[in-house]
Amino acid sequence: MELQPEVSRWNVTPSEAVALQRRLREQLVLSPPPGLKVERVAGADISTEKGKDTGFGGLVVLDVATLAPVARAGAAVTLHFPYVPGLLSFRELPIIAAAWERLTVRPDVVIFDGQGTAHPRRMGIACHGGLLFGVPSIGCAKSLLVGTHGPLGEARGSTAPLMHRGDVVGMAVRTRKGVQPVYVSPGHLMDLPTAVDLVLKVSPKYREPETTRHAHRLVNALRRADGEAAELE
DNA sequence: GCGACAG
DNA sequence: ATCTTGTCGC
């Protein structure tokens, strides 16, 4: 058997995964490619069933100017890694990668449902995914894994730096007045200001980015469709 | 040793 | 993440 490149090595123990993250983070580039033009942005997500071990993953590509979907792809893959805080990418990325291979339209940026550098080892799922696909990426999470931040204004667009061990690892961003902020951090080939700007741009109305919302609906639809097919057996 | 802990 | 009903507020 060929030894898989480390960035796509999934058959590891949690302990090995941690060691892998420490090596992979050396490859991270925390700045956008010079002259990056963002015309298409993709959202990635997975959905699972309570007692089953199949994960349904998908990506939806949106036109940034109109936020209209222009492409999508999904895949069903057996889960081989448990949910462990800090090791989310080893559970979800194999599924998202299968969908990525079926995606015919390449986005300029991928937004993941989870952390980027706002991670104990600066290697959240957005970092790992960006490295894997070789594409600029952003992490946009609904809750914190690590870090603290001060209060932020009530208005949409308000921000507060997310601090962890003396470093700014991300930004708490209010995407909508009167709701809890989301937590934005760069993944790969990305910086924090660019990430925050883009997340606000693709979140004009709801708390979460339209990319994430579309991806979430896609993978849930895939899971339900699979469940209905199973009922007819 | 104790508590925290993306999805 | 998923399992689940109603409920509060714009």
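Residues numbered from 1 in each chain as written. Chains lettered and ligands numbered in written order. Predicted model: local features only at pLDDT ≥ 70, side-chain atom pairs only at ≥ 80, totals over all residues. Heavy atoms only, no water.

A. The arrangement of the UniProt feature "site: Interaction with target DNA" (unreviewed entry) in chain A in detail. Feature annotation in UniProt assigns "site: Interaction with target DNA" (unreviewed entry) to the following positions: Tyr-83. The topology assignment puts Tyr-83 in the loop between strand S3 (69-78) and helix H2 (88-102). What makes Tyr-83 exposed here is its relative accessible area of 53%. With near-sequence residues (within four places) excluded, Tyr-83 lies in contact with Leu-88 and Arg-91. (UniProt positions renumbered as here; feature names shortened; annotations may be inferred. Helix = DSSP H or I, 4+ residues; strand = E, 2+ residues; numbered from the N terminus. Buried < 20%, exposed > 50% of the residue type's maximum accessible area, 1.4 Å probe, protein only. Contact = heavy atoms within 4.5 Å.)

B. A look at the pattern of salt bridges. Across all of its chains, the model carries seven salt bridges by this definition. In this structure, the salt-bridge partner of Glu-6 is Arg-23, at a minimum N-O distance of 2.6 Å. In this pair, Glu-6 is assigned in the segment before helix H1 (14-24) and Arg-23 in helix H1, connecting sequence segments 17 residues apart. With a relative accessible area of 27%, Glu-6 lands in the partly exposed category. You can call Arg-23 partly exposed: its relative accessible area is 39%. With a shortest N-O distance of 3.8 Å, Glu-26 and Arg-25 are connected by a salt bridge. (Salt bridge = Lys/Arg side-chain N within 4 Å of Asp/Glu carboxyl O.)

C. How the structure looks around the nonpolar core. One finds Leu-59, Ile-96, Trp-100, Leu-103, Val-110, Phe-112 and Phe-133 to be the most contacted residues of the largest nonpolar core, which totals 22 residues. Within the residue set of this core, elements represented by two or more residues are strand S1 (40-48), strand S2 (54-63), S3, H2, strand S4 (109-112) and helix H3 (125-133). Top element by residues in this core is H2. It accounts for six residues. Not counting residues up to four positions away in its chain, the partners in contact with Trp-100 are Leu-59, Arg-106, Pro-107, Val-110, Phe-133 and Val-135. Core analysis: the second largest hydrophobic core is formed by 19 residues, Val-184, Ala-195, Val-199 and Val-202 among them. (Core = buried A, V, L, I, M, F, W, Y, C linked by side-chain atoms within 4.5 Å.)

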